[in-house]
Amino acid sequence: MKQFKFLFFLVPGMLIVMAGYSQQKKYSGTVRNNDGLPLRGVSVLIKDSKTGTMSNDNGQFILSAEAGSTLHLSMIGYVPKDELLSTDTIINVVLDATSDSTLNDVVVIGYGTTTKRDLTGAVSHLDSKVLETKVATSFVDFLKGTIPGVNVAINNGASGGGTLEIRGPASLTASTTPLIILDGVTFNGNLNDINPNDIASIDVLKDASATAIYGAKGSAGVVAITTKRGMSETPRVDFSSKIGVSNMLGIPPAASPEQYLQRRKDYLKTVDYFNPATSQKGEGYYDNPDDLPDGVTQEQWAGYDNGFDGDYVGTWLTRLKLTDIEINNYKAGKTVDWRDYVYQTGFRQDHDVAVSGRSKSTSYYTSIGYTNNKGTTVGDDFKSVHGRFNLESNITKWLQIGTTTQFADRGDNTLTVNPGNADVMSPYGNMYNEDGTLAQFPIGDARVSNPIYAASVNSYFYKVQTLNATLYSKLTLPYGITFRTNWNNRYGWIKTYNYTSDLNAGVAEGGEASRNEYSDYEWSIENILNWSHRFNKVHQIDVTGVIGAEKYQTFSTTASNEGFTPDGDLIFHQLNTGINPVTNSDDEVQTGNSLLGRVNYSFKDRYLLTASIRRDGFSAFGQNNPYGVYPAFAAAWRISQENFMKGSAFNDLKLRASWGTSGNRSIGRYAALGKLNTLDNIEGGETVKGVYQTTLSNKDIKWETTHSIDLGLDFGILNNRFSGTIDAYYNYTTDLLVDRALPGFTGYSSVLANLGQVDNKGLEVTLTSVNVNIPNKLVWSTSLIFSLNRNKIVHLYGTTDSATGKEADDVSNGWYIGHGINDIHDYKITGIWQIGEEEAAAVYGKLPGDPKVLDVDGDGVINNNDKVWIGSSVPRYRASLRSDLQFLKNWNLSFVIRGEFDYYGNDASRRNEDNRYFESSNSIWNDYWTPWNANTSYGRLGSNASNPTVYFYVKRDYLRMQNASLSYTFPDKILRKYSIPGLRLMASVDNAFVITKWSYYDPETMGRTPRIFTFGAYLTL
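Residues numbered from 1 in each chain as written. Predicted model: local features only at pLDDT ≥ 70, side-chain atom pairs only at ≥ 80, totals over all residues. Heavy atoms only, no water.

A.B. asks: Give a detailed account of the overall build of the protein, specifying residues and quantitative values.
C.D. replies: In terms of helices and strands, the protein carries 12 helices and 47 strands. The dimensions of the protein, computed from C-alpha atoms along their principal axes, are 150 × 75 × 70 Å. Classification of the 1021 residues of the protein by burial places 49% in the buried group. In the protein, 67% of the contacts between residues at least 6 apart in sequence involve partners at least 24 apart. Carbon together with sulfur atoms contributes 56% to the accessible area of the protein, which is approximately 46300 Å² in total. For the protein, the separation between the mean place of its 94 positive charges and that of its 107 negative charges on side chains is 13 Å. (Helix = DSSP H or I, 4+ residues; strand = E, 2+ residues; numbered from the N terminus. Buried < 20%, exposed > 50% of the residue type's maximum accessible area, 1.4 Å probe, protein only. Contact = heavy atoms within 4.5 Å. Areas by Shrake-Rupley, 256 points an atom, 1.4 Å probe, with all protein chains shown as cover. Lys, Arg positive; Asp, Glu negative; His and termini not counted. Charge placed at Lys NZ, Arg CZ, Asp CG, Glu CD.)

Here's what the structure looks like:
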């Protein structure tokens, strides 16, 4: 009977439990931040219960719950959020960041993401808060002065952008450009193809534990770009429009007409001063007859030349060696400011519209942008159209598919005028001939042509189109396992057409034309298996395995012709009408494969370990060494999580250490192979082709390998009121690829070999403070960034210098053992030879007014033995200060001041050397030495700065207002009346000013730099 009672209670109980389980459903979802990046470690709990889970590396979670229950999602640094569960089992959640959420910034680490608090490597992160304060034509513009250790070589043309270098040069001959990762996939296209308006965040991976994940591509660092995703459950339209102007900043002044004549006079008088007394001209010979020295009459002056015709002005200008055209224009009071024809106020415009949104299962983001920039030099134009389509959809609970696709069309059809010719052209030249046509040689001197002539008679066409698409699918499997496949394709087409008119001197009748048709295609596939599991609530392990393959091909065909008949009116549109057709083609291909494993382990979210190993194969290397293996290890200790730190001022304190290796494969696709060339020969009256070898092969060529050690400290004090990151690193690159010299009897001058070593060490510091924090009234924060890098050549070819017994330097390339790649080893100018030092100057073949060079050994001869170490041609210290001020709730003011210090450049203006042709042409205006107005910093006009050639090295230190912007965000209460979710206006200026003692163009670029003013409007619907 008792048994039946037991069954009586057991069966209903089982039915109740089964009914309960039958009502439960398995819910899956993804948690992201405002930038669309997945959040790891988010607590997902069923409210009023103890059931829950945590999101994995991909921001995903799975748990069983009943419909009608409420999920509570929370994470330190983010505003908690509740989600009501419905019958839809796919959930997508966006968590809003709080003001102190920097530790939970999502950082791309290669084949995955993590939070800043869980990082073990040296990675710098830029999110939308920084990106939105800058106006950029290229994403490179975002990196100027914002990340320590990242150096940007600025392109000051209309296209903007530039080149990047991370933690100094790690190679002598191979590329030091960092790898670009776009939405998780290697991007080999042009940086200008990426629309900066589409970017959600940028991460820069600097140490080997972060870059070794990319193996043979990562030795120069990695820049990972993540584009925007749809975040709003209602469709959202974002429109931005920016209009700006630019003008030239900091160019040396041009000589005025009066200065042109004054300098010509001073030049001829200085030359005459050093002539023998018997052949010197009379006093005042080169002076204006209306302004003669005391005691010299016009009659005396006129009598210096036989046959004076009574034309005082004409005689004077003839003595100054002006041409007839110049003389006539001087008499007529006619001058030309040539810079007015080559420089302009540039006009810039950028318009972009994006549509985005998200449903429970699908997110989408699509945009189209148009840029049209005119630079400060006439003819420097840049136009581009960008399109992007990002789509991600959860087909089922376990299958996600998506695509990131972008198209770019850029180019221009204009030729840039010649600003250099404008600076050397006489102000008394003719812009036009008497018949109204443009004068090719404004003063009749064929050595200097009109600076706008070539651009007006020649033709040019340049067009680039690229399509980059990644298709991916991801399986979410049981036990925390995901499997993702990325399939990337990129197509590129470039057309470059040129026509040189026969109106140019030396060009065949009918003109010359060429067409280059270039295309490239690449594909890559990566299969990524990830296992993420947390057990016993204290152990977190993430295992990633990757296998990939790639192929890259280029196709180039060039056709040229000349002597078009009946004329060149068709320019480059019909090459077959010429008389000398030439065609060339060049197709190349490269392949690669990779195998990777990585383990991330965390104990109590306090002790963090990372280990990875990657094996890469690449077709460019020698047959005996096609593969390279790159291990890396990193560890971190979150000291702030220890019990003994409770109650301290530190809300974050983490110590990091890493070691790893990475490779460099950018050596040229066929560098390891012997190359052949052809030549024509006449045999038996017929032309035959001969083949000969031009370079030697080397089957043992292998990868340059960079070994990296990094020690880092991250800290936050008083809830991140003051925070910072400090990194010290030591990188050494071995097996450098250099051309090893060969004996002449081999028939070859050199062979490519792995011989050298270069070391880099440095320090990077970022300090951030929240100076004032009164929410909705006044919030002011500042960031100070400082970095230094020292590199040193340790080994080159291994040959011994017989004179010193040490390893030999490569003097021809300027590479010296024990010194930096960019260190300057040259003659040191100590001043200018002065009047009274004629005898001492004569020992060196010099005259007063010539540069005085340090004679190190005092032997009376200036040669290589007298070269000294002057300094570095790249900055030894870099620093920047960023300030962000939010005031009156809706106003934002930010600026970046950036400086580079302790480096030198060649100030070419100080030499005033004889090849500037002061007797026949113009030049930029600068000081110069004369016997009657001496100085110690500038040479005389026409100075002897040769035999040997010497340069004036001057410090280029500067402080630049890189960017300043002021924005106003309209209050919601105003916008709600018009059903407008958001409206922001912004005004900004780039390169507002530069503080420097350097005087020869811009100290950073040693060229022309624009100042850019921009006004922008950002509207959300």
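A.B. asks: Give a description of the sheet that holds strand S2 (residues 43-46) that names residues and reports values.
C.D. replies: In spatial order, the strands read S3-S2-S5-S6; together these four strands make up an open sheet with antiparallel pairing. With one partner strand each, in any of the chains shown, strand S3 (52-54) and strand S6 (81-84) form the two edges of the open sheet. Each neighbouring strand pair of the sheet contributes to a mean axis angle of 20°, computed without reference to strand direction. For S2 and S3, the ladder comprises three bridges, and the chain directions are antiparallel. The residue of S3 that forms the bridge with Val-44 is Thr-53. (Pairing = 2+ DSSP bridges. Axes fitted to C-alpha atoms, helices over the stretch in contact; angles between N-to-C directions.)

A.B. asks: I'd love a proper account of the nonpolar core, names of residues and values included.
C.D. replies: A general feature of soluble globular proteins is that nonpolar side chains tend to end up buried together. Within the largest apolar cluster, 24 residues are counted, with the highest numbers of intra-cluster contacts made by Phe-139, Leu-143, Ile-202 and Val-223. Mapped by element, the contributors of at least two residues to this core are helix H2 (128-131), strand S11 (150-154), strand S12 (162-166), strand S13 (179-182), strand S15 (199-205) and strand S16 (222-227). When sequence neighbours within four positions are dropped, the list of residues in contact with Val-223 reads Phe-139, Leu-164, Ile-166, Pro-178, Leu-179, Ile-180, Ile-181, Ile-202, Asp-203 and Val-204. (Core = buried A, V, L, I, M, F, W, Y, C linked by side-chain atoms within 4.5 Å.)

A.B. asks: Explain the UniProt feature "domain: TonB-dependent receptor plug" (unreviewed entry) in the protein to me, and be specific about the residues and the numbers.
C.D. replies: Sites flagged by UniProt as "domain: TonB-dependent receptor plug" (unreviewed entry) map to residues 116-222. Across residues 116-222, helical content stands at 7% and strand content at 26%; the span's end C-alpha atoms are separated by 17 Å. (UniProt positions renumbered as here; feature names shortened; annotations may be inferred.)

A.B. asks: So what's going on with the sheet that holds strand S10 (residues 123-126)? Which residues, and what values?
C.D. replies: The sheet built from five strands is open, its strands ordered S10-S15-S16-S13-S14 with mixed pairing. The sheet is open, and its two edges are formed by S10 and strand S14 (185-186), each paired on a single side. Bridge count for S13 against S14 is two bridges, and the pairing is antiparallel. The residue bridging Ile-181 from the neighbouring strand is Thr-186, located in S14.

A.B. asks: Kindly report on the domain arrangement of the protein, identifying the contributing residues and their values.
C.D. replies: Taken as a whole, the protein is organised into domain 1 (25-94) and domain 2 (102-233). The gap between the C-alpha centroids of domain 1 and domain 2 is 30 Å. If you look at the interface, domain 1 gives 16 residues, while domain 2 gives 16 residues. Between domain 1 and domain 2, roughly 1200 Å² of surface is buried when both sides are summed, and carbon and sulfur atoms account for 55% of that area. Where domain 1 packs against domain 2, one counts zero salt bridges. Linking domain 1 with domain 2 are zero residue pairs in polar contact (both at pLDDT 80 or more). Here the side of domain 1 that touches domain 2 is composed, by residue class, of seven nonpolar, five polar and four charged. (Domains from an automatic or database assignment. Buried area = accessible area lost by both parts, 1.4 Å probe. Salt bridge = Lys/Arg side-chain N within 4 Å of Asp/Glu carboxyl O. Polar contact = N/O pair within 3.5 Å; in protein donor to acceptor, adjacent residues only side chain to side chain. Nonpolar A, V, L, I, M, F, W, Y, C, P; charged D, E, K, R; others polar.)

A.B. asks: I'd like to hear about empty space enclosed by the protein, residue by residue, with values.
C.D. replies: Here the idea is plain: a probe the size of a water molecule rolls over the atoms and shows the empty space left. Applying the stated criterion across every chain, the model contains 12 cavities of 30 Å³ or more. Mapped onto the lining of the largest cavity, the elements with two or more residues apiece are strand S1 (24-32), S16, strand S21 (399-412), strand S22 (459-477), strand S23 (481-500) and strand S24 (512-535). For the lining of the largest cavity, the per-class residue count stands at 11 nonpolar, 14 polar and eight charged. Residue assignment places the lining of the largest cavity across two domains, with domain 1 (25-94) and domain 2 (102-233) each supplying three or more. Taken as a whole, the second largest cavity spans an internal volume of roughly 370 Å³. Lining the second largest cavity are 27 residues; nearest its centre among them are Val-135, Thr-137, Asp-141, Arg-348 and Ile-1012. Listed by contribution, the elements that provide at least two residues to the lining of the second largest cavity are strand S17 (236-249), strand S18 (346-358), strand S19 (362-374), strand S44 (958-969) and strand S47 (1009-1020). (1 Å grid on protein atoms, 1.4 Å probe; cavity = no way out; pocket = protein on both sides within 12 Å on 5 of 7 lines; lining within 4 Å. Points joined across faces, edges and corners; volume = space filled by probe spheres on them.)

A.B. asks: I'd like a description of the confidence of the model for the protein, backed by residues and values.
C.D. replies: Low pLDDT marks regions whose predicted coordinates should not be analysed in detail. Residues at a pLDDT of 70 or more form 96% of the protein, whose mean pLDDT is 88. Every residue in residues 1-22 is under pLDDT 50, and counting partners more than four places away or in other chains gives two contacts. (pLDDT = per-residue confidence, 0-100.)

A.B. asks: Describe a nonpolar patch on the surface, naming the residues involved and giving the relevant values.
C.D. replies: On the surface, Ile-243, Val-245, Phe-347 and Phe-1013 cluster together into a nonpolar patch covering about 320 Å² of accessible area. Relative to the helices and strands, Val-245 resides in strand S17. Taking relative accessible area as the criterion, Val-245 reaches 34% and is therefore assigned partly exposed. (Patch = residues over 30% accessible without salt bridge, like charges linked within 9 Å, V, L, I, M, F, W, Y side chains within 5 Å.)

A.B. asks: I'd like a rundown of the pattern of salt bridges, residues and numbers included.
C.D. replies: Scanning the entire structure with this criterion turns up 46 salt bridges. Linking Arg-638 and Asp-652 is a salt bridge whose minimum nitrogen-to-oxygen distance equals 3.6 Å. On the criterion of sequence distance, the pair formed by Arg-638 in strand S28 (residues 627-638) and Asp-652 in strand S29 (residues 650-664) is long-range, its members being 14 residues apart. Across this residue pair, the class does not change: Arg-638 and Asp-652 are buried. The closest approach of N and O atoms between Asp-902 and Lys-955, which form a salt bridge, is 3.5 Å.

A.B. asks: I'd like a description of the packing of aromatic side chains, backed by residues and values.
C.D. replies: Under the counting rule described, the total for this entry stands at 34 aromatic pairs. Their ring planes at 25° and their centres at 6.3 Å tell us that Phe-786 and Tyr-877 sit as a pair that is stacked. One end of the pair, Phe-786, is in strand S35 (residues 778-795); the other, Tyr-877, is in strand S40 (residues 877-887), with 91 residues separating them in the sequence. Using a relative accessible area of 27% as the deciding quantity, one classes Phe-786 as partly exposed. By way of ring pairs, the aromatic residues Tyr-260, Trp-316, Tyr-330 and Tyr-428 are connected into one cluster. The ring of Trp-833 has Lys-852 sitting right over it, with the charged end atom 4.7 Å from the ring centre. Over the aromatic face of Tyr-1018 sits the side chain of Arg-984, whose NZ or CZ is 4.3 Å from the ring centroid. (Phe/Tyr/Trp six-rings, centres within 6.5 Å; stacked < 30°, edge-to-face > 60°. Lys NZ or Arg CZ within 6 Å of the ring centre and 35° of its normal.)

A.B. asks: Can you break down the side chain of Glu-392 residue by residue, with the values?
C.D. replies: Tracing the chain through its elements places Glu-392 in strand S20 (residues 381-394). When its relative accessible area of 10% is taken as the criterion, Glu-392 is described as buried.

A.B. asks: Summarise the pairing of S44; cite the residues concerned and give the values.
C.D. replies: Sheet analysis places strand S41 (residues 891-901) next to S44, joined by 10 bridges and oriented antiparallel. The partner of Phe-895 across the bridge, within S44, is Ala-964. In terms of strand pairing, S44 meets strand S46 (residues 994-996) through three bridges, oriented antiparallel. Note on S46: the bridge partner recorded for Tyr-958 is Thr-996. Where S44 meets strand S45 (residues 982-990), seven bridges bridge the pair, whose relative direction is antiparallel. Looking at S45, one finds that Asn-963 is bridged to Asp-990.

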